[in-house]
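Coordinate analysis (summary)
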Amino acid sequence: MADRAAGTNGGGGGASGDALRRRHLLWLIAGGIAFIAIQSVANVESTIEDMAKLGVAETRAHVWTWQLTSVAVWIALIPLLWWLTARLRPPRFSWGMAVLLHALATAPVSLVHVVAMVALRKLVYASGGESYAFDDWPMALLYEYRKDVATYAMGLAFVGFGQWLLARPLPESDAATILEIPDGNMVHRVPVDEIDWAASAGNYVEIAWGQRILLHRSTLAAVEDQLGSGFARIHRGRLVRRAAVRSVETDRSGDFTVTLAGGTELRGSRRFREGL
């Protein structure tokens, strides 16, 4: 394409920034699946062994039903854990307040997990002509809650690592050193380290180069891949060069204002605060 930057290399085996993050996400999912599989086998085998020691006869199929219904509900709760991890963390809250809020969140999350898990078990048992009983709800809820607190903590660690992995800057080798911007019969060769910011403008991207604003016919995502990890997305339609940032002022809402070396102020969305 004529408006792609010459000299841009993909880095990381030729992968673009988006491709590299997709690969990180796939590895994260694969690691999560492997952990769940190993943990499930360990839980089922230990449960069967413990019940045998107590003289309780239970089929392996039933024990696997208990395990898989619990796992299925926790997997369904991952989007909620992802949202809680992103929202209940510094700088929005202090570390102490974040820990307290997560501790309070364990109760409703555990309740949802238990209710959905029991409903699934009843459906599975009913499909085989059996009935599933979850007796002594108060004590059973307390028993499940103690286990769910540990699972919630592990889920936060997994999700937090995933968010860090996807948000961390890409290697500098992913960046172009020159961005070529066609302008009629002229091509501007703009040094990347002289670009202060870039912003979406319809079918174009505005490139702030010194005192000039150049229009580059491209998408912001493509430009973001070309510019590399020296730039951070501070808004769904705006990038800023990290080295040009002189101050970041965060509002009570979590949105923020970035002030650049030349005095330019740019608004940023709280969704992208961590990336900067």
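Residues numbered from 1 in each chain as written. Predicted model: local features only at pLDDT ≥ 70, side-chain atom pairs only at ≥ 80, totals over all residues. Heavy atoms only, no water.

With that settled, consider the packing of aromatic side chains. Inspection of every chain in the model, using the stated rule, returns 3 aromatic pairs. Ring geometry for Tyr125 versus Tyr132: centroids 5.2 Å apart, planes at 65°, classification edge-to-face. The side chain of Arg217 reaches across the aromatic face of Tyr204, ending 5.3 Å from its centre. It is Arg273 that lies over the ring of Phe256; its NZ or CZ is 5.6 Å from the centre. (Phe/Tyr/Trp six-rings, centres within 6.5 Å; stacked < 30°, edge-to-face > 60°. Lys NZ or Arg CZ within 6 Å of the ring centre and 35° of its normal.)

Right, let's talk about the pairing of strand E1 (residues 178–183) for a bit. Side-chain direction in a regular strand flips from residue to residue, so the side chains alternate between the two faces of the sheet. Sheet topology places E1 next to strand E2 (residues 186–191); 6 bridges connect them, and they run antiparallel. Bridge pairing links Glu180 to Arg189 in E2. Hairpin connection of E1 to E2: 2 residues between the antiparallel strands, including Gly184 at a positive phi of 65°. (Pairing = 2+ DSSP bridges. Helix = DSSP H or I, 4+ residues; strand = E, 2+ residues; numbered from the N terminus.)

Picture the strands of a sheet paired through backbone hydrogen bonds; they go either parallel or antiparallel. Pairing is antiparallel across the open sheet formed by 3 strands, whose spatial order is E8-E9-E10. Strands with a single pairing partner mark the edges of an open sheet, and in this sheet they are strand E8 (245–250) and strand E10 (265–268). Across this sheet, the average inter-strand angle for adjacent strands is 25°, counted without regard to direction. One ladder, built from 4 bridges, connects strand E9 (residues 256–260) with E10; its direction is antiparallel. Pairing of Val258 across the sheet is with Leu266, part of E10. (Axes fitted to C-alpha atoms, helices over the stretch in contact; angles between N-to-C directions.)

With that out of the way, let us pick up helix H5 (residues 137–167). Because an α-helix completes one turn every 3.6 residues, residues spaced three or four positions apart along the sequence face the same direction. The end-to-end C-alpha distance of H5, which contains 31 residues, comes to 42 Å, matching closely the 45 Å that a straight helix rising 1.5 Å per residue would cover. Residues of H5 that are buried include every one of Ala140, Glu144, Asp148, Tyr152, Gly155, Leu156, Val159, Gly160, Gly162, Gln163 and Leu165, and no others. (Expected span 1.5 Å × (residues − 1). Buried < 20%, exposed > 50% of the residue type's maximum accessible area, 1.4 Å probe, protein only.)

A word on the packing of helix H3 (residues 78–87) against H5. One way to put it is that H3 packs onto H5 with a least axis distance of 9 Å and a crossing angle of 70°. With respect to each other, H3 and H5 are oriented roughly perpendicular. Between H3 and H5 the crossing geometry is right-handed. Only Tyr152, Gly155, Leu156, Val159, Gly160, Gly162, Gln163 and Leu166 of H5 make contact with H3, whose side of the interface consists of Leu81, Trp82, Leu84, Thr85 and Ala86. A breakdown of the residues in the contact of H3 with H5 according to their chemical character gives 8 nonpolar, 5 polar and no charged. (Parallel < 35°, antiparallel > 145°, perpendicular 65-115°, else oblique. Left-handed = near helix turned anticlockwise from the far one by under 90°. Contact = heavy atoms within 4.5 Å. Nonpolar A, V, L, I, M, F, W, Y, C, P; charged D, E, K, R; others polar.)

Let us look at the sheet that holds strand E3 (residues 195–201). Spatially, E5-E4-E3-E7-E6 is the arrangement adopted by the 5 strands of the open sheet, whose pairing is antiparallel. Each of the sheet's edge strands pairs with one partner strand only, and the pair in question is strand E5 (212–216) and strand E6 (231–235). If you compare each strand with its neighbour and ignore which way they point, the axes differ by 25° on average. Packing of helix H6 (residues 220–227) onto the sheet brings it into contact with E3, strand E4 (204–209), E5, E6 and strand E7 (238–241), and relative to E7 it is tilted by some 15°.

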